[in-house]
Amino acid sequence: MRILTASDHALLVEAADLDEAMRLNLAWDGVHGVVERIPGARTVLVRFDPLAVSAADLAHALAATEIDTAHLPTTGEVTVPVRYDGEDLDEAASLLGVSAAELVNRHLAADWKVAFSGFAPGFGYVVSSDPLFDVPRRSSPRTRVPAGSVALAGQFTGVYPRESPGGWQLIGRTDALMWDIDRDPPALLSPGTTVRFEQARAQVVVSENADERAVARPVAERHAVAGAPDPGSPDASGAAIEIVRPSLQLLVQDAGRPGFAALGVSASGVADRRAMREANRAVGNATGAAVLESVGGAVLRFRGPGVAAVAGAVGSLDLIDADGVTRRIDHGAPFATVDGDELTLGHPTSGLRYVIAVRGGVAVESALDSRASDTLAGLGPAPLAAGDVVCVGDRAPHPVEPIAASRMLPAPGDLVELEITLGPRDDWFTAAALATLTGQEWTVTPRSDRVGIRIEGAVPLERSVSGELPSEGAVTGAIQVPPDGQPVLFLPDHPLTGGYPIIGALTDRSLDLAGQLPPGVRVRFTVKETS
């Protein structure tokens, strides 16, 4: 096997084929220092804790693994009804050299199995033994693929669990619910599951697990994935925050939900971890307590007494009481609130995301042990809108503690340096591209969000290897390069797997700064020196 650097806290292990990748993934269960594993088509991404194990020691342990040659486990069987009317059905058939009718018949006749999960919660990469199915992705990805779309790419079939961008060939659609957080497991197509596709006759999907047969609920009865403010939360204090005027994006965030990669769920979580820790420490919370994350200015009204603090982006902070008296709030300083006080966050003069903590934490319904809002997956609380109310918790184990000093965050036009490691696919690019990556300045574009920051440079990055890269895992901070050569810098809500080569990744200490880059900031990458 070949072991590559994926970041300063992840390794990418190349396997001979999909079967070996699946066996390696199983064999590394319980390896010391490993935080999470994300299998791909011919790779396994291994995230580790650098405080527990070094990259060199972990690589040695992984390389010494003996692979089990026994049959891979099967976790159940499902039948998925499909209406074969996809926009790309004829084109996909042409690419494979068969008629549309033959493609459909062979898709129905093949034995399929879920190899791994990724991209989004509930998205299973389903593979068969029929050699026909090896289809290139679309040359230009769609910006919107409807939920339930059945698609082909490479040797895989997949079903889009929710509306999202995508570059797979669409051959049909299904009403089967791919992801239901109230189901066990939540993903219908979980790794190891045997899958049979059939011509759709009704909007149901039959699941077979051992001797049990269950019919999926009608669409109208399905549980909404996004959480909502929970006034009845058992840890609510009685205080609350009303959204008077939301920002461009106002979300509930916490430390995220690591450990669910096998379900296709990324860790997500707050974009600026340092700001969350500082704001929570200021009001006496545990450092990972749920906070509000605001892109730009907003107005919040406090119900009941409390203590709050604002960290992260820097801008004017004003607290207006019920009598209309205004007082200026210091960045990072805890301040008392009474019923009716309104906090106005001005447009940031530096940075992008405010983090607002309240003593006791934000108390909303959790999803998979976290209150974080994952905008790509649709997990956790929905984005907050005017009139929404979120409850305040009653758990604050520490005294208030003002932040010692505010950070220097960039404003549009400023130049910042971000430290990176090269790999795992830097060898897919020319020597000139590697020089360009670190030699020229890149500008953050407005086409950026919590999924990724799109950056532009005068000279695009040129590839030395053409063709497609089989889907493989990606870390937060990965620098993925699409065909136009203009990189995308992954933030917390990025897809777990992808098919564009990753030339490098931010080091852990650069991630928080990346979450605070507003459009117009200039970026220069520097490669971390290794000992």
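Across a sheet, strands are paired by hydrogen bonds formed along the backbone, either parallel or antiparallel in direction. Taken in spatial order, the 4 strands make up an open sheet running β1-β2-β4-β3, and their pairing is antiparallel. Each having just a single partner strand, β1 (2-7) and β3 (34-39) make up the two edges of the open sheet. Direction aside, neighbouring strands of the sheet carry axes that sit 25° apart on average. Summarising the sheet, strand β2 (residues 10-14) and strand β4 (residues 43-48) pair through 5 bridges and their orientation is antiparallel. Paired with Val-13 across the two strands is Val-44, which belongs to β4. Its contacts with the sheet place helix α2 (residues 55-63) against β1, β2, β3 and β4, and it is angled at close to 30° to β2.

With 30 residues, the main nonpolar core has Val-80, Leu-103, Ile-171, Leu-189, Val-195 and Phe-197 as its most contacted residues. Counting residues per element, the ones that place at least two in this core are β5 (76-82), α3 (89-96), α4 (100-109), β6 (112-117), β9 (149-153) and β13 (193-199). With 27 residues, the next largest nonpolar core counts Ile-241, Ile-243, Val-310 and Leu-384 among its residues.

Here we come to unusual backbone geometry. Note that the residue after Asp-184, namely Pro-185, is joined by a cis bond; omega there is 0°. Positionally, Pro-185 belongs in the loop between β12 (169-173) and β13. Residue Ser-268 is not a glycine yet carries a positive backbone phi of 55°. By secondary structure assignment, the location of Ser-268 is in the loop between β18 (249-253) and α5 (273-283). The class of Ser-268 is buried, set by a relative accessible area of 9%. Of note in this structure, Leu-368 is not a glycine but carries a positive phi near 55°. Turning to its location among the elements, Leu-368 is positioned in the loop between β27 (362-363) and β28 (380-381).

A sheet is described by the order of its strands in space; here 5 strands give the open sequence β18-β19-β26-β21-β24, paired in antiparallel fashion. Looking at which strands have only one partner, the edges of the open sheet turn out to be β18 and β24 (335-337). For this sheet, the mean angle separating the axes of adjacent strands, direction not counted, is 30°. Strand contacts of α5: β19 (291-295), β21 (306-314) and β26 (350-358), with the helix running at about 155° to β21, the strand carrying the most contacts.

In the structure shown here, the tally under the stated rule is 4 cavities of 30 Å³ or more. Put simply, the largest cavity is a space of about 70 Å³. Forming the walls of the largest cavity are 13 residues, and the residues nearest its centre are Phe-302, Pro-305, Gly-306, Thr-337 and Val-392. Mapped onto the lining of the largest cavity, the elements with two or more residues apiece are β17 (236-245), β20 (298-303) and β21. Top element by residues in the lining of the largest cavity is β17. It accounts for 3 residues. The class makeup of the residues in the lining of the largest cavity is 8 nonpolar, 3 polar and 2 charged. Considering only enclosed or pocket space, the second largest cavity measures out at about 40 Å³ in volume. Taken together, Phe-119, Ala-120, Pro-121, Gly-264, Ser-266, Asp-374, Leu-376, Ala-377, Asp-493, His-494, Pro-495 and Leu-496 form the lining of the second largest cavity.

Before going further, it helps to examine the confidence of the model for the protein chain. In low-pLDDT segments, the atomic positions of the prediction should not be examined closely. Here the protein chain shows a mean pLDDT of 90. Residues at 70 or above account for 92%. Below a pLDDT of 50 lies the segment residues 202-232, which in the model reaches 63 contacts outside its immediate sequence neighbourhood of four places, other chains included.

Note that Asp-272 resides in the loop between β18 and α5. A distance of 3.3 Å separates a polar side-chain atom of Asp-272 from the backbone nitrogen of Arg-274. Ignoring sequence-local partners within four residues, the contact set of Asp-272 consists of Glu-293, Gly-312, Arg-407, Asp-512 and Gln-516.

How each quantity is defined
- Residues numbered from 1 in each chain as written.
- Predicted model: local features only at pLDDT ≥ 70, side-chain atom pairs only at ≥ 80, totals over all residues.
- Heavy atoms only, no water.
- Pairing = 2+ DSSP bridges.
- Helix = DSSP H or I, 4+ residues; strand = E, 2+ residues; numbered from the N terminus.
- Axes fitted to C-alpha atoms, helices over the stretch in contact; angles between N-to-C directions.
- Contact = heavy atoms within 4.5 Å.
- Core = buried A, V, L, I, M, F, W, Y, C linked by side-chain atoms within 4.5 Å.
- Buried < 20%, exposed > 50% of the residue type's maximum accessible area, 1.4 Å probe, protein only.
- 1 Å grid on protein atoms, 1.4 Å probe; cavity = no way out; pocket = protein on both sides within 12 Å on 5 of 7 lines; lining within 4 Å.
- Points joined across faces, edges and corners; volume = space filled by probe spheres on them.
- Nonpolar A, V, L, I, M, F, W, Y, C, P; charged D, E, K, R; others polar.
- pLDDT = per-residue confidence, 0-100.
- Polar contact = N/O pair within 3.5 Å; in protein donor to acceptor, adjacent residues only side chain to side chain.

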